Amino acid sequence: GVAVDIQVIWHGFNPEIYKSKWSDDDKPRTNSEAFTFLFVGGHATPMDRKGGQFLAEAFNTFSKDDNVKLIFKINKSYNPNFDSEAHLRSLIKEELQDKVEFNGDFMTDEELADLYRSCDVYVCPSMGEAFMMTGLEALACGIPMIATEWSGYLDYAIPSGGLIPVRIKRRVLATYGVFDVPSGSVWVEPDVEHLKEQLKWAYEHPDEVNELGKKASLWVHEHMTWEKQAIKTREVVENYEKNSNSV
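Worth saying up front: this structure is predicted, and the values here are computed from it rather than measured.

### Some points on the environment of Gly-104
Consideration 1: With respect to the helices, strands and loops of the structure, Gly-104 is situated in the loop between strand E3 (100–103) and helix H3 (109–117).
Consideration 2: Accessibility expressed as a relative area gives 34% for Gly-104, which makes it partly exposed.
Consideration 3: Those residues within four positions of Gly-104 in sequence are excluded, and the remaining contacts are Lys-73, Ile-74 and Lys-76.

Structure follows, in structure tokens:
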């Protein structure tokens, strides 16, 4: 056990950049717009911790007649020699190939925020995370997140009301990582069949998805900005100094 209270100081985001897509006026969907899922992260191995392979497999739940799109925004720096697009496309059936887009270019924060706001749902069926900045940024921009019910991002995803959870299939030991493997870190595999169900649910319930995004954005803008974290840090330090001086 721990004899003293533990204070958690989260990461944050810049609200001037990661603005909600609902900040001004609600923008109702037109029938010509595809319902768009977004993945942002690395894909450096066939069984990557971020879970892009699980999303690619689960996307096969759709057919060519479904008005959907999947965007992979891939950070290639983790393994520039690994062809992430070729691998992920190999997991997706032929009739859906034209519904999948890849972007491996560098993006500024402003460009990334625009990408979030252009989509409907952020998806990260991760095997393990410390915090997941991309999830917070997505919620800030007004889109909910479909993510594995595991890891540090639950600290903000659950109270924000923006999490569409994916069940855990099983626990596994970390397979790579300077700290993860030596320490025996426990990762998980998400339940791909449940991920399929959640993707379908989101696609079939766009109004509910929009409401989740609006609600989550309000919560993170109230609680999770860098300014909020700075204030909390100062309060923790001041309380520590006060308590230390009283001993």
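### Examining empty space enclosed by the protein
Consideration 1: For the coordinates displayed, the defined rule picks out 1 cavity of 30 Å³ or more.
Consideration 2: Empty space within the largest cavity amounts to approximately 30 Å³.
Consideration 3: Taken together, His-43, Ala-44, Ile-74, Asn-75, Lys-76, Asn-79, Phe-82 and Ser-84 form the lining of the largest cavity.
Consideration 4: Here the lining of the largest cavity is composed, by residue class, of 3 nonpolar, 4 polar and 1 charged.

### A closer look at the environment of Ser-63
Consideration 1: Note on placement: Ser-63 falls in the loop between helix H1 (52–58) and strand E2 (68–75).
Consideration 2: Expressed as a C-alpha distance, the spacing of Ser-63 and Glu-95, which sit 32 residues apart in the sequence, is 7.2 Å.
Consideration 3: In this view, Ser-63 contacts Glu-95, Leu-96 and Lys-99; residues no more than four positions away in its chain are not counted.

Definitions and limits used
- Residues numbered from 1 in each chain as written.
- Predicted model: local features only at pLDDT ≥ 70, side-chain atom pairs only at ≥ 80, totals over all residues.
- Heavy atoms only, no water.
- Helix = DSSP H or I, 4+ residues; strand = E, 2+ residues; numbered from the N terminus.
- Buried < 20%, exposed > 50% of the residue type's maximum accessible area, 1.4 Å probe, protein only.
- Contact = heavy atoms within 4.5 Å.
- 1 Å grid on protein atoms, 1.4 Å probe; cavity = no way out; pocket = protein on both sides within 12 Å on 5 of 7 lines; lining within 4 Å.
- Points joined across faces, edges and corners; volume = space filled by probe spheres on them.
- Nonpolar A, V, L, I, M, F, W, Y, C, P; charged D, E, K, R; others polar.

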